[in-house]
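# Observations on the model geometry
Here are the chains, one letter per residue:
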Amino acid sequence: MDNPNFLSPSLREKKRYLAYEVISDGKVPFAELSTVIWHSLINFLGEVGTADAEVRIFRNTYNEEKQLGLIKCSHTAVESVRAALAMIQRIDETPVIVRVIGISGTMKAAQKKFFGEVDLSSF
Amino acid sequence: MKFYDLHVHSDFSIGTSSVSAIAKMAKRLGLAGIAVADLFIDEPRLGKLREATEAAAKEHGIDVHTGVELQPKDPEELKRMLDAVRGVADVVIVAGGDYKVNRAACEDARVDILAHPEFGRKDNGLDEQCFAAAIKNNVAIEINFRHVLFSYKRSRAHVLEHIATNIRLANEKGAKLIVCSGANSTWEMRDARQMIAVTNVLGMDLSKAFLSSSEIPLSIIARNRKVLDGTEIGKGIELV
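Reading the values: rules and limits
Residues numbered from 1 in each chain as written. Chains lettered and ligands numbered in written order. Predicted model: local features only at pLDDT ≥ 70, side-chain atom pairs only at ≥ 80, totals over all residues. Helix = DSSP H or I, 4+ residues; strand = E, 2+ residues; numbered from the N terminus. Rg over C-alpha atoms; globule rule 2.2 N^0.38 Å. Buried ≥ 20, exposed ≤ 12 C-beta atoms within 10 Å, placed from the backbone. Right-handed = clockwise from strand over helix to strand, strands pointing away. Pairing = 2+ DSSP bridges. Contact = placed C-beta atoms within 7 Å. Nonpolar A, V, L, I, M, F, W, Y, C, P; charged D, E, K, R; others polar. Core = buried A, V, L, I, M, F, W, Y, C linked by C-beta atoms within 7 Å.

The next thing to look at is the overall build of chain A. Each helix and strand counted, chain A has three helices and five strands in total. Reading chain A from its N end, one meets helices and strands in the order β-α-β-β-α-β-β-α. Relative to the 2.2 N^0.38 estimate, which gives 14 Å for 123 residues, the radius of gyration of chain A is 15 Å and therefore close to what a compact globule would have. Here the C-alpha coordinates of chain A stretch approximately 45 × 45 × 30 Å along the principal axes.

Take a look at the structure:
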């Protein structure tokens, strides 16, 4: 076996999914947004703070049309991540505001609640 | 919970966005109200700003108040400025930084908010006497988000340190803190919840951080509205 087994749920860190909205005049591609978010996190929280926050930025949940996406972080770091996102001012030369629109415990619930996505598994 | 941002500049003074654009962005960011606090030039200009804020409030369906930001050089100038604006503005903000001005603002009950007392300083700009006077005169100490946003690396570290000191002292003494964006354009405005998160990271209790963005600004507006309407004719005396 190449990889360790999954940890049991009681041993895993509790996580939260932050649904965010990018407010800007033009469209913002994911690659640039992701770079700016990481830059802001490391600048504001430092490398250790960012490591503690256990941040993941999901490419496949980012809707470039609506400019909505999801970030996963530790449940203890929600406020720090929110604060770091508030520090983002521009992406390239485009002024932006990255705003957290809501928080959820699971990715599925976040997508349903904040992006209005329909859960097809319930049909 | 309703959130307010009482310190935004428009193109009436140093800002770059119109009052209408500010109100539109405020609504998008989920704010219940804002105060457009431009630098005081003269009364006719303030009258024009009031017309613009009233029009923006009707257009976008949020509370838009008319404020002024005073930038006095010394305490004497502050007194003269307060004599001119107190009866005509919804919110009176004094730009801090100079210790004498910080202290004079805390000691004058006509001041609503002392903005960024740590601005341009190598310390937090306030001492025990200032906090005691601010409590006595009901002056709120501002945590200015723009000051954090437009500082980088080492200077941001110093700004955050000074703000954290003011938060700690205000919590210990029981002084009022208020969180404002201090924005000069719509792109510098932030969702109140994000500014609350920043203050929380700097050491303010989350419940107090919520108050500093909702109840405290609301109480300032309610108090001043009574005075401007003529229902409050003296300290603690109301016409019923």
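On we go.
The subject of this paragraph is unusual backbone geometry. The backbone phi angle of A:Gln67 is positive, close to 60°, even though this residue is not glycine. Following the sequence through the fold, A:Gln67 ends up in the loop between strand E2 (56-57) and strand E3 (68-74). Unusually for a residue other than glycine, B:Lys153 sits at a positive phi of about 45°. With respect to the helices, strands and loops of the structure, B:Lys153 is situated in helix H7 (residues 153-173).

Our focus in this paragraph is the pairing of strand E3 (residues 63-70) of chain B. All names here are of chain B. Taking burial as the measure, the eight residues of E3 include seven buried ones, the bulk of the element. Handedness of the crossover joining strand E2 (residues 33-39) and E3 through helix H2 (residues 43-60) is recorded here as right-handed. Summarising the sheet, E3 and strand E4 (residues 91-95) pair through four bridges and their orientation is parallel. Opposite Val 68, over in E4, you have Val 92 as the bridge partner. Read as a crossover between parallel neighbours, the route from E3 over helix H3 (residues 75-85) to E4 is right-handed.

So, about the interface of chain B and chain A. Each partner contributes to the interface: chain B provides 13 residues, whereas chain A provides 13 residues. For the side of chain B that touches chain A, the leading source of residues is helix H8 (residues 192-201) of chain B, giving seven residues. Partitioned by chemical class, the residues of the side of chain B that touches chain A number seven nonpolar, two polar and four charged.

Moving on to the nonpolar core. Counting 104 residues, the largest nonpolar core has B:Ile34, B:Val94 and B:Leu114 as the members making the most contacts within it. The leading source of residues in this core is helix H1 (residues 30-53) of chain A, at seven residues. Setting aside residues no more than four positions away along its own chain, B:Leu114 makes contact with B:Val94, B:Gly96, B:Asn102, B:Ala105, B:Cys106, B:Ala134, B:Val139, B:Ile141 and B:Glu142.

Any functional reading would require information beyond the geometric quantities listed.
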